[in-house]
Amino acid sequence: MERKRSMTNKEQSAEAVSKVVNIFRCPICHQSMKVVALKSLICPNKHTFDFAKHGYINMLTRPSNQQYDKKLFEARQKIIMESNLYSSLHEKISEIIRKHFGLSHCSTIILDAGCGEGSHLQKVVDKCRNEAITGIGLDIAKEGIIMASKHYQNPIWLVGDLANIPLTNQTCHVVLNMLSPANYMEFKRVLAPGGIIVKIVPRPNYLKELREMLFTNRNKKTYTNDETISLFKQHFHLAERFKFSYFKELNQTEFINLIRMSPLAWNAGKEQIDSFINRGSAGISVDLDILIGVNKQS
């Protein structure tokens, strides 16, 4: 008897997309799409987007000038998955999602808009413990999406533009926007009736130890997120707001990864960085606002 060939990552991803293909739209002409031969997403106008070897789809229609490289995403992946720096945050977000949608086993789409290398989305979906959930990670950084598709097979991974999300109107039950730029007009467009947007915003003491090291001798204003929250409230009804703060011990290796993943350190001198890293075991502050929004017309 001939053994059945196991599916490749590319085919598995294509099969996963085919189950929810009705939510996809062509980023060029905005028409509906279909999966063809477990190889490509194609619209009626023949705009074609192929599944890559590792399973992601590049749906970007313009060149990207983002500065994030592979080393940054590797460091971020290690911090999120190995240091547990954000574990309590993932638990809180999944608790919010479970509370909002109850024990519903209806198909639920979670879009992580600006997912980076995908670890936050993977953690949140895992903690939701609901097989009816489909996670979709979208980021303009191809290196991040490549890493996501190599490490995590369950969510659907897309290289794409927040200003042109390749999903149809009102199809996402949850939009996650974690420490990432936003496009509120697109978020409002894709958010389903009764859906929620969960935005994570840094507060003044977020990674304050790192900030203090980098800006010791500079005239640096105290950080405030007031403008960010005000803009959020212009687009969404703020249903809930949580202040989420804690302190986490990190070892030297974890501090090295924190430095490597943080744009804060891009312009820091070697002496500053070495001084910060060589502190040995020390801690870092996580200080965040969790904003829960719903469409104002809901």
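Bear in mind the structure is a predicted one, so any value in this text is a computation, not a measurement.

(A) View of the overall build of the chain. Summing up its helical and strand segments, the chain has ten helices and eleven strands in all. Its C-alpha atoms give the chain a radius of gyration of 20 Å, near enough to 19 Å, the size a compact globule of 298 residues would have. With the principal axes as the frame, the chain shows a C-alpha extent of 65 × 50 × 35 Å. Out of the 298 residues in the chain, the part that is buried amounts to 53%. For the chain, long-range pairs separated by at least 24 residues make up 70% of all intrachain contacts whose partners lie at least 6 apart in sequence. Total accessible area on the chain stands at roughly 15,100 Å², and carbon and sulfur atoms take up 48% of it. The averaged location of the 28 negative side-chain charges in the chain is 4 Å from the averaged location of its 40 positive side-chain charges.

(B) Up close: the sheet that holds strand S4 (residues 57–58). In spatial order, the strands read S4-S7-S6-S5-S8-S9-S11-S10; together these eight strands make up an open sheet with mixed pairing. Of all strands in the sheet, those with a lone pairing partner are S4 and strand S10 (236–250), marking the two edges. Sheet strands touched by helix H8 (residues 226–235): strand S9 (191–202), S10 and strand S11 (282–295). Its angle to S10, the strand with the most contacts, is close to 145 degrees.

(C) Summary view of the packing of aromatic side chains. The final tally for this structure, using the stated rule, is six aromatic pairs. Each ring, one from Tyr184 and one from Phe187, has its centre 6.1 Å from the other, and the planes form 80 degrees; the classification is edge-to-face. Here Tyr184 pairs with Phe187, and both are found in helix H6 (residues 184–190), just three residues apart, close to one helical turn. An angle of 80 degrees between the planes, with centres 5.9 Å apart, marks the rings of Tyr184 and Phe236 as edge-to-face. Of this pair, Tyr184 sits in helix H6 while Phe236 sits in strand S10; the two residues are 52 residues apart in sequence, bridging distant segments of the chain.

(D) Main features of the pattern of salt bridges. Evaluation of the coordinates by the stated rule reveals ten salt bridges. For Glu240, the salt bridge identified is with Lys99, shortest N-O distance 3.9 Å. Note that Glu240 is positioned in strand S10 and Lys99 in helix H3 (residues 87–101), a separation of 141 residues in sequence. For Glu240, a relative accessible area of 31% gives the class partly exposed. For Lys99, a relative accessible area of 64% translates into the label exposed.

(E) Representation of the sheet that holds strand S3 (residues 48–50) within the structure. Sheet architecture is open: three strands sit in the order S1-S2-S3, paired in antiparallel fashion. Each edge of the sheet is formed by a strand with only one pairing partner; in this case those strands are strand S1 (34–36) and S3. Each strand of the sheet is rotated relative to its neighbour by a mean of 30 degrees, with strand direction disregarded. Sheet topology note: the S1/strand S2 (residues 40–42) ladder contains three bridges and is antiparallel.

(F) Quick peek at the layout of surface pockets. Space inside the largest pocket adds up to approximately 950 Å³. Forming the walls of the largest pocket are 36 residues, and the residues nearest its centre are Tyr68, Met178, Leu179, Ser180 and Pro181. Broken down by secondary-structure element, the contributors of at least two residues to the lining of the largest pocket are helix H2 (70–82), strand S6 (133–139), S9 and H8. Looking at the lining of the largest pocket element by element, the count peaks at four residues for S9. Looking at side-chain class alone, the lining of the largest pocket contains 22 nonpolar, eight polar and six charged residues. The volume enclosed by the second largest pocket comes to roughly 530 Å³.

(G) Looking closely at helix H9 (residues 252–261). Regarding H9, the residues found buried are Glu254, Phe255, Asn257, Leu258, Ile259 and Met261. Among the structural elements, H2, helix H7 (208–214), S10, helix H10 (270–277) and S11 are those in contact with the buried residues of H9.

(H) Spotlight on the state of the cysteines. Evaluation of the coordinates by the stated rule reveals zero disulfides. Counting only cysteine sulfurs, Cys29 is the nearest neighbor of Cys43, a cysteine outside any disulfide, at a range of 3.6 Å. The exposure class assigned to Cys43 is buried, which follows from its relative accessible area of 3%. Of all cysteine sulfurs in the structure, the one in Cys172 sits closest to Cys128, which takes part in no disulfide; the separation is 15 Å.

Analysis parameters
Residues numbered from 1 in each chain as written. Predicted model: local features only at pLDDT ≥ 70, side-chain atom pairs only at ≥ 80, totals over all residues. Heavy atoms only, no water. Helix = DSSP H or I, 4+ residues; strand = E, 2+ residues; numbered from the N terminus. Rg over C-alpha atoms; globule rule 2.2 N^0.38 Å. Buried < 20%, exposed > 50% of the residue type's maximum accessible area, 1.4 Å probe, protein only. Contact = heavy atoms within 4.5 Å. Areas by Shrake-Rupley, 256 points an atom, 1.4 Å probe, with all protein chains shown as cover. Lys, Arg positive; Asp, Glu negative; His and termini not counted. Charge placed at Lys NZ, Arg CZ, Asp CG, Glu CD. Pairing = 2+ DSSP bridges. Axes fitted to C-alpha atoms, helices over the stretch in contact; angles between N-to-C directions. Phe/Tyr/Trp six-rings, centres within 6.5 Å; stacked < 30°, edge-to-face > 60°. Salt bridge = Lys/Arg side-chain N within 4 Å of Asp/Glu carboxyl O. 1 Å grid on protein atoms, 1.4 Å probe; cavity = no way out; pocket = protein on both sides within 12 Å on 5 of 7 lines; lining within 4 Å. Points joined across faces, edges and corners; volume = space filled by probe spheres on them. Nonpolar A, V, L, I, M, F, W, Y, C, P; charged D, E, K, R; others polar. Disulfide = S-S within 2.5 Å.

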